[in-house]
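# Inside the fold
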Amino acid sequence: MALLEVNDIHTYYGNIHALKGVSLSVEAGEIVSLIGANGAGKTTTLRTISGLLRPRQGSIKFKGEDLASFPAHDLVYKGISMVPEGRGVFSRLTVQENLEMGAYSRKDNIASDLERIFGIFPRLKERRKQVAGTLSGGEQQMLATGRALMSRPSLLLMDEPSMGLAPILVEGIFDTIQEINQEGTTILLVEQNALMALQVASRGYVLQTGEVVLEDTAENLRKNQMVQNAYLGIQ
Amino acid sequence: MIDEANKLFSNLTRRFGRQTVMIVGILLVIGVLVLPVIEFQRQAFWVRVIGFTGLYIILGLGLNIVVGFAGLLDLGYVAFYAIGAYTYGLLASGQFGIHLSFWLVLPLAALLAALAGVLLGIPVLRMRGDYLAIVTLGFGEIIRILLNNLRGFTNGSQGVVGIDKPVIFGYVLDSGIHFYYMIFILVAVVAFFSNRLNHSRIGRAWIAIREDEDVAEMMGINTTLYKLLAFGSGALVGGLAGAIFSAWQGSIFPDNFNLFVSINVLSLIIIGGIGSIPGVIVGALALITLPDVLRQFSDYRLLLYGLLLVIMMIARPEGFIPSQRRKLELREEDPQPVTD
């Protein structure tokens, strides 16, 4: 049984049919990438999985349990955590307060988790008392990721972690994604930067206008003619 | 001497937090400065002025939970004040010939107001910002108009008169000074609980909601529940203030609960420093006490009042005593680390 099973979901914005039957699955321990152009429905897929949008049709199962009846704020208790698009840090709270907010769902001691996050992102430790809005884009991305990890998720949803970052930072972010995965967190990654995404992922899905048009191992996708032309810029 | 005072202050601050020390400090100053005046001179005018300031501090603290902590702009707060006042007025007067004890009705009034707060909250939860403000403004007016028109029930614009005075162990609390003390105690109690609430898990959830509702939801915060909680607890405080108001006045009229009460309460929060409990106290002193102190200048009073508002908005948009966090929100151009 897969950790996450998305089966034929249809999501609408009003009358706009944004997802036209997306199915995908994520096995425990994997990094799975969802790639596609702007407006293909990548973010919509993540927001539907995280409960912020409701599918009109189809089902989402996590650890075998149907998520349809749970509101978004319950999912973190089930073990799903999200790094939203554009980071979404609490810009007027300090770095440490942001991380503590990430552990809102937990009632036990979080000191060791804070240390763990500061271990992954030493930069955040230096700036723990700094207000998040004054961090650089890369640091905010670290913070949003760290905050999502504070709930000790079994599945981490990441929405465009490389967006708006300098190329040199992008590599760093993808290194950490692998590191987090190796420590045991399953990751579903949405990315426009298909090249990087397919390098860290084990499998991938290609989304086009609300539909999955291709799914394969990351290696095969990298070699695929259509993917190369459309997303990797290789002629 | 000054060194010792400083040391004492920093010790206290470390132990109880800056806010708590400031609240207690301000209350002590008011008590020390004002009590003797009232005690020795028994001037009815001053008892009234300070008593009213106290009532507005309570209202300010209540609305501050909704506007300052949870960030929900409520322009109809007077509705809960009215509900509290009429609950006591109708249950302890000749209106229906019911004469329940003040101490029984006080919690009931608070509860009814809280219930109204939650009921108002449910339909407006999906609204944000300006839309929320407009709907709550409407709600405040609806309550006032209902009080005016349900003649059989509220006696309309004739009001409810002859409201009973509270009795404690057979002793009737009927002079201004009694209410002065009652209000003073309630200010302290509400300030204390409000401060605790702000630093609790609930307060944290409110901060997250104020910052970003969607992300708060992702952190596992039930935004619906916490917004209702803010509406409910704010309304509860308004209900308490209303019940005391009607017992003190002995008569209440729909016009006591017009839009300007809501606006005054909101203004004093903003002038004092939104989200800050000491700020509410200072704001009430500036907006409620000061106009009465300036009464001798008669016509220039409103001019000064308006001038003060304008100067404040230019020179100190974050208010007299802003909460550290809110200061950041209102002065985005020079962010600095929060240390509290």
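The structure displayed is predicted, hence computed values, not measured ones.

## Remarks on the overall build of chain B
- If you tally the helices and strands in chain B, you get 15 helices and four strands.
- Considering chain B as a whole, with its 340 residues, one finds that 47% of them fall into the buried category.
- Within chain B, counting contacts between residues at least 6 apart in sequence, those at least 24 apart form 76% of the total.

## Things to note about the domain arrangement of chain A
Residue and element names in this part refer to chain A.
- Taken as a whole, chain A is organised into domain 1 (1–79 + 154–235) and domain 2 (90–152).
- One C-alpha centre belongs to domain 1, the other to domain 2, and the line joining them spans 23 Å.
- Listed per partner, the contact involves 11 residues of domain 1 and nine residues of domain 2.
- Elements with a contribution of two residues or more to the side of domain 1 that touches domain 2: helix 2 (72–78) and helix 7 (167–182).

## As for the interface of chain A and chain B
- With 23 residues of chain A in contact, the opposing surface of chain B contributes 20 residues.
- Breaking the side of chain A that touches chain B down by element, the ones donating at least two residues are helix 2 and helix 3 (95–102) of chain A.
- Here the side of chain A that touches chain B takes four residues from helix 2 of chain A, the largest share from any one element.
- For the side of chain A that touches chain B, the class distribution of residues is 11 nonpolar, 10 polar and two charged.

## Quick word on helix 4 (residues 111–120) of chain A
All names here are of chain A.
- Taken residue by residue, helix 4 has D113, L114 and I117 as its buried positions. What you see down the axis of helix 4 is that its buried residues fit within an arc of 105°, all on one side. Exposed side of helix 4, more than 90 degrees from the buried face: A111, S112, E115 and G119 are the residues found there.
- Where helix 4 is buried, its residues meet helix 3, helix 5 (122–126) and helix 6 (137–149).

## As for the packing of helix 3 (residues 44–69) of chain B against helix 11 (residues 223–249) of chain B
Residues and elements named next belong to chain B.
- Interhelical geometry of helix 3 versus helix 11 gives an angle of 170° and a closest axis separation of 8 Å. In terms of their interaxial angle, helix 3 and helix 11 are classed as roughly antiparallel. Relative to helix 11, helix 3 is oriented so that their crossing is left-handed. Packed against helix 3, whose contacting residues are G51, L55, I58, L59, L61, G62, L63, I65, V66 and F69, the element helix 11 presents A230, F231, S233, G234, V237, G238, L240, A241, I244, F245 and W248 at the interface.
- Taken together, the residues of the contact of helix 3 with helix 11 break down into 16 nonpolar, five polar and no charged.

Thresholds applied
Residues numbered from 1 in each chain as written. Chains lettered and ligands numbered in written order. Predicted model: local features only at pLDDT ≥ 70, side-chain atom pairs only at ≥ 80, totals over all residues. Helix = DSSP H or I, 4+ residues; strand = E, 2+ residues; numbered from the N terminus. Buried ≥ 20, exposed ≤ 12 C-beta atoms within 10 Å, placed from the backbone. Contact = placed C-beta atoms within 7 Å. Domains from an automatic or database assignment. Nonpolar A, V, L, I, M, F, W, Y, C, P; charged D, E, K, R; others polar. Arc of directions from axis to C-beta. Axes fitted to C-alpha atoms, helices over the stretch in contact; angles between N-to-C directions. Parallel < 35°, antiparallel > 145°, perpendicular 65-115°, else oblique. Left-handed = near helix turned anticlockwise from the far one by under 90°.

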